[in-house]
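The primary structure of each chain is shown beneath.
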Amino acid sequence: MKDYLLLFRDQAFQASFTLYKRLLPGSFIATILIGLILLIVVTPLTLLTMGYGATEFITYQQDMMTLQKTVLENQQDFDAISEAYTAQFSNMQTAFILPMFLIVLFVYSWACNFYLTLSNNEIRTGSTKVFSALRASFSSKIFKIAGFFVLYTLIQISVTLIFGLIFFLLSSVSSILAVLVGFIGFFVLLAFLLRFTIAIPAIVHGDMGVVQAISFSLSRVTWKRGGMLLLMGILSIIVLILFAVILGSVLSSSDATELSIGSFIGQQITSLIISILFVTYFIAAMSTLYFRYSDDSTEDETEHLIEL
């Protein structure tokens, strides 16, 4: 752990890349396992909520592609767009919404714990054993992460409503001022939300409670660091989009309006590759940020024992 901590604090990018390479094999297996859970549990429930059969995934995908095509073809016709959305979502089964939300919240909280436990084991013990991390991932930290997600969502909604209210009040005074403040404020809002970036790593790596983790993240990720994370995030999204477009054009069929078995398989392969590469990147980056600003000692405890 000492070597990692020294790298995290002196050469963060190199440390993050080193951790990224070490995590990739384990992350590949973890992503497969998580994907299977999503396919077996979350996908059927989502389809049932949307009014489809539990196995009608291709039909659902085809309908969503048709909806997207309709929206693109009628960009100026809001009535047509509204009718298309109404027709698509008119069969939603509201009774499934709450169970789906709770299950999705639990699964994604567990997935975060799984990935970060894998990273934590590598940093602290040099172990990338997936099934060891899998066993350790089923812990009370899942509920802490779920609690954070709920609280963070409420914070997002609150600050967005406040931002919208400020924009509305300014628009009644000066439209130019409202646009200017709105443009700048949008990025300020994103920078603020990014200040919560290391709250989940603090729960997993630092074994903190939800409120303590949020306080830790806000104290370590300052406004300046939040702005830097925003710039890095924008660059990462651009790279992700370019990579997805290139890979998708290679693996998908030429007719984007028809979802064949071949194109469906191509989409799933594309999604899997992107998930493995970029989820591992974000996990390595979040772990790096946490340990870079944590209070963990870089001194080797075994050296003190020898001296004593």
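Keep in mind that what you see is a predicted model, and the values were worked out from it rather than measured. (Residues numbered from 1 in each chain as written. Predicted model: local features only at pLDDT ≥ 70, side-chain atom pairs only at ≥ 80, totals over all residues. Heavy atoms only, no water.)

1. Re the overall build of the protein
A count of helical and extended segments in the protein gives 13 helices and zero strands. Along the protein, helices (α) and strands (β) appear in the sequence α-α-α-α-α-α-α-α-α-α-α-α-α when read from the amino end. At a minimum sequence separation of 6, the contacts of the protein that also span at least 24 residues come to 73%. Accessible surface for the protein amounts to roughly 17,800 Å². Of this, 70% is attributable to carbon and sulfur atoms. (Helix = DSSP H or I, 4+ residues; strand = E, 2+ residues; numbered from the N terminus. Contact = heavy atoms within 4.5 Å. Areas by Shrake-Rupley, 256 points an atom, 1.4 Å probe, with all protein chains shown as cover.)

2. What to know about the packing of helix α3 (residues 57-73) against helix α4 (residues 78-89)
Put simply, α3 and α4 touch, their axes get as near as 9 Å, and they point 170° apart. On the basis of the axis angle, α3 is roughly antiparallel to α4. Between α3, through Asp63, Met64, Leu67, Thr70 and Val71, and α4, the contact on the second element is made entirely by Ile81, Ala84, Tyr85, Gln88 and Phe89. (Axes fitted to C-alpha atoms, helices over the stretch in contact; angles between N-to-C directions. Parallel < 35°, antiparallel > 145°, perpendicular 65-115°, else oblique.)

3. What to know about the confidence of the model for the protein
The share of residues in the protein with pLDDT of 70 or more is 89%, and the mean pLDDT across the chain is 85. Per-residue pLDDT, averaged within each element of the protein, yields its smallest value for helix α13 (residues 301-307) (40) and its largest for helix α9 (residues 199-205) (97). Here residues 253-257 is a poorly scored stretch, pLDDT under 50, and it has six contacts once near neighbours within four places are set aside; other chains count. (pLDDT = per-residue confidence, 0-100.)

4. A closer look at the pattern of salt bridges
A side chain with one charge may pair with a side chain of the opposite charge, provided their charged atoms come close. Counted under the stated rule, the structure contains three salt bridges. Where lysine 144 meets aspartate 207, a salt bridge forms, and the shortest distance between an N and an O atom there is 3.7 Å. You can see lysine 144 sitting in helix α7 (residues 141-173) and its partner aspartate 207 sitting in the loop between α9 and α10 (210-220), a full 63 residues away along the chain. Note that arginine 220 and aspartate 295 form a salt bridge whose closest N and O atoms lie 3.2 Å from each other. On the criterion of sequence distance, the pair formed by arginine 220 in helix α10 and aspartate 295 in the loop between α12 (261-293) and α13 is long-range, its members being 75 residues apart. (Salt bridge = Lys/Arg side-chain N within 4 Å of Asp/Glu carboxyl O.)

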